[in-house]
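# Structural features, examined
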Amino acid sequence: MLIASKYKEIEKGKFKYVFFLNNKDDYENRINFVEELNILIERFSENLANQGLVVKSYNSSIRNVREEILDKPWNPLRLETIKKTPGILMIDTDFDEFNPNKNNWIYFYFIRDQRFKKNRGNSFTIEEDEELFDKIAKIIIEEKDDIFKKIKSILIKEKAKGLGKAVTKEIINCTMAISADKFLNLLNKLI
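Residues numbered from 1 in each chain as written. Predicted model: local features only at pLDDT ≥ 70, side-chain atom pairs only at ≥ 80, totals over all residues. Heavy atoms only, no water.

Along the backbone of the protein there are 7 helices and 7 strands. When the elements of the protein are put in sequence order from the N terminus, they spell out β-β-α-α-β-α-α-β-β-β-α-α-β-α. Counting all 191 residues of the protein, 51% fall into the buried class. The contacts in the protein between residues at least 6 apart in sequence include a share of 71% that link residues at least 24 apart. (Helix = DSSP H or I, 4+ residues; strand = E, 2+ residues; numbered from the N terminus. Buried < 20%, exposed > 50% of the residue type's maximum accessible area, 1.4 Å probe, protein only. Contact = heavy atoms within 4.5 Å.)

If you want it as structure tokens, here you go:
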């Protein structure tokens, strides 16, 4: 795990994927479930075995790096998702070059427990976090293919099933904020 004061200075380098933590402020880090989440994120970082990099900010820089994330050219709908914290932005390029309209990305955000699911349907509870992190780490370490490509392929197939007809593969970017259950199902299919 890397701790930085500015995300825009972080380069992907040898890593397949980079995960940027997104918190609202230092106060959010003091909430019990976020402290527990941070432990799971540290374990996740260790389990990536130098295939992926997890980056978080110093407590004094949380608001600044959050602004760096929010300043990217998000469309209004995606920006509303990115504002939900605590969360992790997964990308496969240098942060400074990252453009959500051109590059692959997935955003995961977390909630305390099931009671908060109703109004935050595309989020992960603490109970789901450990399974999520274990599966992502396993896929990153074991798979040689691009995770974004595999997830896109599965999403296209799922969409085709729902529509009952073939769907063309004209998805340019992988921009996702999907339900925890659906994402974990996608990961199960990858494993």
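Moving on, we come to the confidence of the model for the protein. Confidence in the prediction for the protein averages 81 pLDDT; 75% of positions are at 70 or higher. Low pLDDT, under 50, characterises residues 164-175; the stretch is placed with 23 contacts to residues that sit more than four places away or in other chains. (pLDDT = per-residue confidence, 0-100.)

This part covers the environment of Leu21. By secondary structure assignment, the location of Leu21 is in strand β2 (residues 17-22). Distance from Leu21 to Ile69, taken between C-alpha atoms, is 9.7 Å for residues 48 residues apart in sequence. Among residues more than four places away in sequence, those in contact with Leu21 are Tyr7, Asn38, Ile41, Val54, Val55, Lys56, Ile69, Gly87 and Ile88.

Moving on, we get to the packing of aromatic side chains. For the structure shown, the criterion picks out 10 aromatic pairs. Ring plane angle 50° and centroid distance 5.9 Å describe the contact between Phe110 and Phe133, whose orientation is recorded as tilted. Highlighted residues: Phe110 in strand β5 (residues 105-111) and Phe133 in helix α5 (residues 126-142), separated in sequence by 23 residues. For Phe110, a relative accessible area of 1% corresponds to the buried category. One Lys or Arg, Lys72, reaches over the ring of Phe95 and ends 4.6 Å from the middle of that ring. (Phe/Tyr/Trp six-rings, centres within 6.5 Å; stacked < 30°, edge-to-face > 60°. Lys NZ or Arg CZ within 6 Å of the ring centre and 35° of its normal.)

To continue, consider the environment of Thr85. Summarising the element assignment, Thr85 is placed in the loop between α4 (76-82) and β4 (87-91). Sequence spacing of Thr85 and Asn23 is 62 residues, and the spatial spacing of their C-alpha atoms is 5.4 Å. Within the structure, the side chain of Thr85 is placed 2.7 Å from the side chain of Glu28, a separation counted as a polar contact. (Polar contact = N/O pair within 3.5 Å; in protein donor to acceptor, adjacent residues only side chain to side chain.)

This next bit is on the nonpolar core. Residues Phe19, Phe20, Leu89, Phe108, Phe110 and Phe133 are the most contacted members of the largest nonpolar core, which totals 49 residues. Top contributing element to this core by residue count: α5, with 7 residues. Other than its neighbours up to four places away in sequence, Phe19 contacts Phe44, Leu48, Leu53, Val54, Val55, Ile88, Leu89, Met90, Phe108, Ile136 and Ile140. (Core = buried A, V, L, I, M, F, W, Y, C linked by side-chain atoms within 4.5 Å.)

Counting buried residues along β5, 7 of its 7 residues qualify, which places the element largely inside the surrounding structure. Neither face of β5 is open: one carries Trp105, Tyr107, Tyr109 and Ile111, the other Ile106, Phe108 and Phe110, and all of them are buried. Pairing between β4 and β5: 5 bridges, direction antiparallel. The partner of Met90 across the bridge, within β5, is Ile106. Sheet topology note: the β5/strand β6 (residues 124-125) ladder contains 2 bridges and is parallel. Residue pairing for β6: Phe110 is matched across the bridge by Phe124. (Pairing = 2+ DSSP bridges.)

Before going further, it helps to examine the pattern of salt bridges. A full pass over the atoms with the stated rule returns 5 salt bridges. The partner of Glu80 in a salt bridge is Lys83, and the shortest N-O contact between them spans 3.7 Å. (Salt bridge = Lys/Arg side-chain N within 4 Å of Asp/Glu carboxyl O.)

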